[in-house]
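In case you want the letters, here they are:
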Amino acid sequence: MRPKPYKFQAFVTISAGQNSDPACSPLPAAATLPPGQLKRMAVRGEHHLTHGSHFFSALVANSVDNHAIVTVMLAAEDAAEYFSAGDHFALWLGHDIADGIVTRRVFA
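What comes next is a walk through the structure. Fair warning: this is a prediction, and the values are worked out from it, not measured in the lab.

Some words on the overall build of the protein chain
(1) Moving on: Secondary structure summary: the protein chain contains one helix and six strands in total.
(2) Moving on: Listing the helices and strands of the protein chain from first to last along the sequence gives β-α-β-β-β-β-β.
(3) Moving on: Residues classed as buried in the protein chain amount to 35% of the 108 residues present.
(4) Moving on: In the form shown here, the protein chain has an accessible surface area of approximately 6,400 Å², with 56% of it arising from carbon and sulfur atoms.

What to know about the pattern of salt bridges
Oppositely charged side chains may form a pair once their charged atoms are brought near each other.
(1) Moving on: For the structure shown, the criterion picks out one salt bridge.
(2) Moving on: Note that Asp96 and Arg44 form a salt bridge whose closest N and O atoms lie 3.0 Å from each other. A residue pair is termed long-range when its members are at least 10 positions apart, and Asp96 in strand S6 (residues 96–105) and Arg44 in strand S2 (residues 38–46) qualify at 52 residues.

Focus: the nonpolar core
(1) Moving on: Residues Phe8, Val12, Leu74, Phe83, Phe89 and Leu91 are the most contacted members of the largest nonpolar core, which totals 24 residues.
(2) Moving on: Looking at this core, the element that brings in the most residues is strand S1 (residues 4–14), giving five residues.
(3) Moving on: Leave out the neighbours within four places in its chain, and Leu91 touches Val12, Leu33, Met41, Ala42, Val43, Val60, Asp96, Ile97 and Ala98.

Points about the pairing of strand S5 (residues 88–92)
(1) Moving on: For S2 and S5, the ladder comprises four bridges, and the chain directions are antiparallel. Bridge pairing in S5 links Arg44 to Ala90.
(2) Moving on: Relative to S6, S5 runs antiparallel, the two being bridged by five bridges. Of the residues in S6, the one forming a bridge with Leu91 is Ala98.
(3) Moving on: In sequence, S5 turns back onto S6 through a hairpin of three residues, with Gly94 there showing a positive phi of about 85°.

Remarks on the sheet that holds S6
Backbone hydrogen bonds are what pair the strands of a sheet, in a parallel or an antiparallel way.
(1) Moving on: Strand order in the closed barrel formed by six strands is S1-S4-S3-S2-S5-S6, and the pairing between neighbours is antiparallel. Within this sheet the neighbouring strands show an average axis-to-axis angle of 45°, counted without direction.

The rules we used
Every chain's residues receive numbers from 1 upward, in the order its sequence appears when written. With the structure being a predicted model, the display of local features is reserved for residues of pLDDT at least 70 and the display and counting of side-chain atom pairs for 80 or more, all residues being used for whole-chain, interface and lining totals. Excluded from the side-chain calculations are hydrogens and water; all other atoms, namely the structure's heavy atoms, are used. A run of H or I in DSSP becomes a helix once it reaches four residues, and a run of E becomes a strand once it reaches two; helices and strands are each numbered from the N terminus. Only protein chains enter the accessibility calculation, which uses a 1.4 Å probe. A residue is then buried if its area is under 20% of the maximum for its type, exposed if over 50%, and partly exposed in between. Method for areas: the Shrake-Rupley scheme with a 1.4 Å probe, in which residue coverage is limited to the protein chains shown. What makes a salt bridge here is a side-chain nitrogen of Lys or Arg within 4 Å of a carboxyl oxygen of Asp or Glu, nothing more. Here the nonpolar core consists of buried residues drawn from Ala, Val, Leu, Ile, Met, Phe, Trp, Tyr and Cys, with membership extended through side-chain atoms lying within 4.5 Å. Residue contacts are counted whenever heavy atoms from the two residues lie within 4.5 Å of one another. Paired strands, as defined in this entry, are two strands with at least two bridges between them according to DSSP. Helix axes are fitted to C-alpha atoms over the stretch in contact, other axes to C-alpha atoms as well, and angles between N-to-C directions run from 0 to 180 degrees.

Put into structure tokens, the structure is as follows:
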């Protein structure tokens, strides 16, 4: 079986850092995910039927400055079982850095 490319856009909410003061607001999306740059990270999704979670290696790009609209590109055979419009997921860099909701699949 061969992994297939899968690309989607999502709205994400950046989490506060691990060692940050909970009274402070989280870093803006542009600080965690610089616009115009690809960042390699893990994406954790939940399977539609089994509700089991799975990590996928992905490239994530923040498309607009100071907004948390990202494009996620990954390769997996069963990605559609985890990432369809409306599905929740997490961006992970050693810990959850953002929670997201898939807005649409991108075909290009």
